[in-house]
Amino acid sequence: MTRTTNGHDVVVGIDPVKNWHLALAWAIDEAGARGAGLRLVVAVPPRHDTQHVDDSPRHLAQRLAAADTLRTALAWARSRQPAVEAASTLFDGFPAGVLNGLSSEAAMIVLGSRHLSRTEEFLSAGSLVVPVTARARCPVVVVGDAPHVTQETPHLVVGVDGSESSRAALAWAFEEAALRHCALRAVAVWQPPVFSLHTGDTLFHTERRLLAETTAGWAENFPDVRLTHEVSIGSPVETLATAAEHALALVVGRRGRGGYTGMRVGSVVHGLLHRAHCPVITVPAV
């Protein structure tokens with residue numbers, strides 16, 4: 001079944017060689033909460049055209065395996081949430097390029113994490129997390145390889161640093177918290193300057209005031225979302241990852257369009273993709 005993305009679909013990349021259940025479960029539940037459609041996507045890289053090796057049999061086998069995986073995943077999604085309109089599409093092309101192309105019309109893209117090393121991220125043709133996170137025009141959700149279970153009150157964590165991208169992340173986080181009927185915890189991370197004319201206490205209180213001012217307007221727009229905010233001292237990656245240890249997800253902003261290679265994300269986002277145990281949602285600046 002194939003359907004044109006209408007701008008409200010949740011698009012999930014299905015990996016034919018890895019377990020896709022966690023990412024698809026997150027995507028189908030999100031589509032249900034948003035009243036959106038769900039689109040399952042597999043992209044098969046083009047065959048190698050060389051003078052010495054005929055790659056056609058391998059490429060055909062990949063397509064057949066991908067089509068079989070899509071059928072299985074689509075049936076599983078429909079059985080989980082029959083009310084959600086779900087469709088699937090098999091593309092020819094490199095997976096990252098295909099998903100980035102779909103991102104301009106998608107509500108979000110959901111991926112599973114393969115926990116590749118930093119070297120593998122750049123050398124593996126199947127690596128999706130970094131290039132899609134770096135260049136997608138919509139929010140990208142990276143779901144871990146293991147179930148994330150917490151006994152705490154359901155909440156999201158959003159990182160706030162005053163930048164345009166973090167303001168976009170904050171807006172998206174409020175919307176998501178309202179959809180999920182959960183609390184929202186806004187966290188700013190302060191690293192004390194080595195040299196300053198002001199005292200540490202003065203700078204710290206300034207950070208707290210800026211965070212409160214940044215969140216105030218959104219809190220008025222979403223009165224049903226229980227908001228807490230805090231300023232922590234330390235490394236942004238470690239502090240945010242620790243703050244989100246028991247969260248439903250961690251929401252952060254993304255600056256720029258991924259560098260000239262399309263493989264670059266900021267150091268904080270990149271670190272969180274490796275360090276955080278909960279799903280990481282990256283929101284591009286609008």
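Details of the structure are given in the entry above.
Residues numbered from 1 in each chain as written. Predicted model: local features only at pLDDT ≥ 70, side-chain atom pairs only at ≥ 80, totals over all residues. Heavy atoms only, no water.

With that settled, consider the environment of glutamate 175. Here glutamate 175 shows up in helix α6 (residues 164–180). Taking the C-alpha atoms as reference points, glutamate 175 and valine 225, 50 residues apart in sequence, are found 9.1 Å from one another. Contacts of glutamate 175, omitting those with residues within four sequence positions, involve Arg34 and Phe222. (Helix = DSSP H or I, 4+ residues; strand = E, 2+ residues; numbered from the N terminus. Contact = heavy atoms within 4.5 Å.)

Closest axis-to-axis distance for the helix α1 (residues 21–34)/helix α2 (residues 56–80) pair is 10 Å, and the angle between their directions is 45 degrees. In terms of orientation, α1 lies oblique with respect to α2. Both α1 and α2 take part in a crossing whose hand is right-handed. Where α1 abuts α2, its residues His21, Leu24, Ala25, Ile28 and Asp29 lie against Ala73, Trp76, Ala77 and Arg80. The class makeup of the residues in the contact of α1 with α2 is six nonpolar, one polar and two charged. (Axes fitted to C-alpha atoms, helices over the stretch in contact; angles between N-to-C directions. Parallel < 35°, antiparallel > 145°, perpendicular 65-115°, else oblique. Left-handed = near helix turned anticlockwise from the far one by under 90°. Nonpolar A, V, L, I, M, F, W, Y, C, P; charged D, E, K, R; others polar.)

Within strand β9 (residues 249–254), six of the six residues are buried, which leaves the element mostly enclosed by the surrounding structure. The alternating pattern of β9 places Ala249, Val251 and Gly253 and Leu250, Val252 and Arg254 on opposite faces, both of which are buried. Sheet analysis places strand β6 (residues 155–159) next to β9, joined by three bridges and oriented parallel. Pairing of valine 157 across the sheet is with leucine 250, part of β9. Relative to strand β10 (residues 280–284), β9 runs parallel, the two being bridged by five bridges. Bridge pairing in β10 links valine 252 to threonine 282. (Buried < 20%, exposed > 50% of the residue type's maximum accessible area, 1.4 Å probe, protein only. Pairing = 2+ DSSP bridges.)

With that settled, the discussion passes to the sheet that holds strand β8 (residues 227–233). Strand order across the open sheet formed by ten strands is β3-β2-β1-β4-β5-β10-β9-β6-β7-β8, with mixed pairing between neighbours. Lying at the two open borders of the sheet, with one neighbouring strand each, are β3 (86–92) and β8. When the angles between neighbouring strand axes are averaged without regard to direction, this sheet yields 25 degrees. Summarising the sheet, strand β4 (residues 108–112) and strand β5 (residues 140–143) pair through four bridges and their orientation is parallel. Bridge pairing in β5 links isoleucine 109 to valine 140. Each of β1 (10–13), β2 (38–44), β4, β5 and β10 touches α1; the most contacted strand, β4, lies at about 155 degrees to it. Packing of helix α9 (residues 267–275) onto the sheet brings it into contact with β5, β9 and β10, and relative to β9 it is tilted by some 155 degrees.

With that settled, the discussion passes to the pairing of β1. Side-chain alternation along β1 places Val10 and Val12 on one buried face and Val11 and Gly13 on a second face that is also buried. Summarising the sheet, β1 and β2 pair through four bridges and their orientation is parallel. Within β2, the position partnered with valine 11 by the bridge is arginine 39. With respect to chirality, the unit in which β1 leads through α1 into the neighbouring parallel β2 is right-handed. Relative to β4, β1 runs parallel, the two sharing three bridges. Across the sheet, residue valine 11 finds its bridge partner in β4, namely isoleucine 109. (Right-handed = clockwise from strand over helix to strand, strands pointing away.)

Empty space among the atoms becomes visible once a probe the size of a water molecule is rolled across them. The calculated volume of the second largest pocket comes to roughly 520 Å³. Along the walls of the second largest pocket sit 27 residues, with Gly159, Val160, Asp161, Ser166 and Arg255 positioned nearest its centre. Mapped onto the lining of the second largest pocket, the elements with two or more residues apiece are α6, β7 (183–190), α7 (200–221), α8 (236–243), β9 and α9. Here the lining of the second largest pocket is composed, by residue class, of 13 nonpolar, ten polar and four charged. (1 Å grid on protein atoms, 1.4 Å probe; cavity = no way out; pocket = protein on both sides within 12 Å on 5 of 7 lines; lining within 4 Å. Points joined across faces, edges and corners; volume = space filled by probe spheres on them.)

Turning our eyes to something else, we now look at the packing of aromatic side chains. In total, this model carries three aromatic pairs according to the counting rule given. An aromatic cluster is built from Phe174, Trp218 and Phe222, whose rings are joined through pairwise contacts. (Phe/Tyr/Trp six-rings, centres within 6.5 Å; stacked < 30°, edge-to-face > 60°.)

What the rule picks out here adds up to eleven salt bridges. In this structure, glutamate 175 and arginine 34 form a salt bridge, with 3.1 Å as the shortest nitrogen-oxygen distance. One end of the pair, glutamate 175, is in helix α6; the other, arginine 34, is in helix α1, with 141 residues separating them in the sequence. Linking aspartate 68 and arginine 71 is a salt bridge whose minimum nitrogen-to-oxygen distance equals 3.7 Å. Within this pair, aspartate 68 and its partner arginine 71 are both found in helix α2, separated by three residues, close to a single helical turn. By relative accessible area, which is 43% here, aspartate 68 ends up partly exposed. You can call arginine 71 exposed: its relative accessible area is 54%. (Salt bridge = Lys/Arg side-chain N within 4 Å of Asp/Glu carboxyl O.)

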